[in-house]
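Here's the letter readout for the chains.
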Amino acid sequence: MSEATKTLAYRYRLRLTPAQEDILDRSQEQLRLVWNHLVRSQRHVEHEWKNGRAASVKNELLELTLAKAVKGTAVISARKLAEERKVSFEEAVQIRRHEFVEKTASIPKRKKDGSRYLRIAHRRLATHYADALVNAKVDHYYGLGAQLYNGLRIKFERCSDMWIKGKFRRPRFKRKGEPVTLQRQVQSISPFNLKCFSDLSSLGGQALKKCEVIIHRQLPDSAEIKQIAVAGKRGARYLIVMFKAVASDVAKNFPITNRTVGVDPGIKVGLTMTPLD
């Protein structure tokens, strides 16, 4: 039986050179522009939907989806469909992408709470449209690295998912100078090792190959790093390491003293409520 694991995040202070600070400032500004492009595209769809132009947005989304390069799981899915329906690979790709757009733009039919499902439908369409539009232009306009951009996409998708479900407000614009967290997922093909001089080149370039990290506590031996991020403003930046570890390695065991502790709340006068007869 495998041991229970726990997900934690440790924060470490960074000591950077002026050149490294400049690069991180530039990367944060580029990510801020991409984030605002996502938010602007999302709100554009909301405006079009409210003014009865949802069909034009759907057609634009279809064009963007068909123009995407076929890779990853889309290749496997298209090959499987081509074998089942006896069609060519290109036709199978188009069928899959038409199905995706129809599913995205569809409005669930419910007898009760129909307005809620209508709201979910247009928010879902706005999120997919924003992702497809920015994904088609991000390399041309911003030139960001794939790992950095994918980290931002994941964050935008999570924020939008909470907004679609009505649990949080919609994603907002970020003002100029507002710090943006640089983050990337750590995979087996691109591992990360926490050292006194860590390699953060994936967040901005080769100048970040050796960034000084003040390690005030070590990661547990069983730690498996899942994500790294750089947060904060110039002169006060932190490296955040998110990892999974065996619960017993990170649990805090407090000794049993069998003593009672009292906390004085600082209230000098007590108030008693007596119910009336």
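One can find the structure itself at the top, above this paragraph.
Residues numbered from 1 in each chain as written. Predicted model: local features only at pLDDT ≥ 70, side-chain atom pairs only at ≥ 80, totals over all residues. Heavy atoms only, no water.

S.K.: Describe the nonpolar core, with residues and values.
M.R.: One finds Phe192, Leu194, Leu200, Leu219, Ile225, Leu239 and Val241 to be the most contacted residues of the largest nonpolar core, which totals 37 residues. Of all the elements in the fold, those that place two or more residues in this core are β1 (5-15), α1 (18-50), α5 (114-141), α6 (146-164), β4 (211-214), β5 (224-233) and β6 (236-246). With seven residues, α1 is the single largest residue contributor to this core. The residues touching Val241, leaving out its near neighbours within four places in the chain, are Leu8, Ala9, Tyr10, Tyr12, Phe192, Leu194, Leu219, Ile225 and Gln227. In this structure, Val101, Ala121, Ala126 and Leu133 belong to the second largest nonpolar core, which totals 14 residues. (Core = buried A, V, L, I, M, F, W, Y, C linked by side-chain atoms within 4.5 Å. Buried < 20%, exposed > 50% of the residue type's maximum accessible area, 1.4 Å probe, protein only. Helix = DSSP H or I, 4+ residues; strand = E, 2+ residues; numbered from the N terminus. Contact = heavy atoms within 4.5 Å.)

S.K.: I'd like a rundown of helix α3 (residues 73-85), residues and numbers included.
M.R.: For α3, built from 13 residues, the straight-helix expectation of 18 Å at 1.5 Å per residue is met to within 8% by its first-to-last C-alpha distance of 18 Å. Among the residues making up α3, those that are buried are Val75, Ala78, Leu81 and Ala82. Here the buried residues of α3 occupy an arc of 130° about the axis, which is enough to place them on one side. With respect to the buried face of α3, the exposed residues turned more than 90 degrees away are Thr73, Ile76, Lys80, Glu83 and Glu84. Where α3 is buried, its residues touch α4 (89-105). Looking one or two residues beyond α3, the residue adopting positive phi is Lys86, at roughly 60°. (Expected span 1.5 Å × (residues − 1). Arc of directions from axis to C-beta.)

S.K.: Break down the pairing of β6 for me, with residues and values.
M.R.: When β1 meets β6, the two strands line up antiparallel, connected through nine bridges. Note that in β6 the partner of Tyr10 across the bridge is Val241. Across nine bridges, the pairing between β5 and β6 is antiparallel. Among the inter-strand pairings, Val230 is bridged to a residue of β6, identified as Leu239. (Pairing = 2+ DSSP bridges.)

So far we have only geometry, and geometry alone does not tell us how the molecule works.
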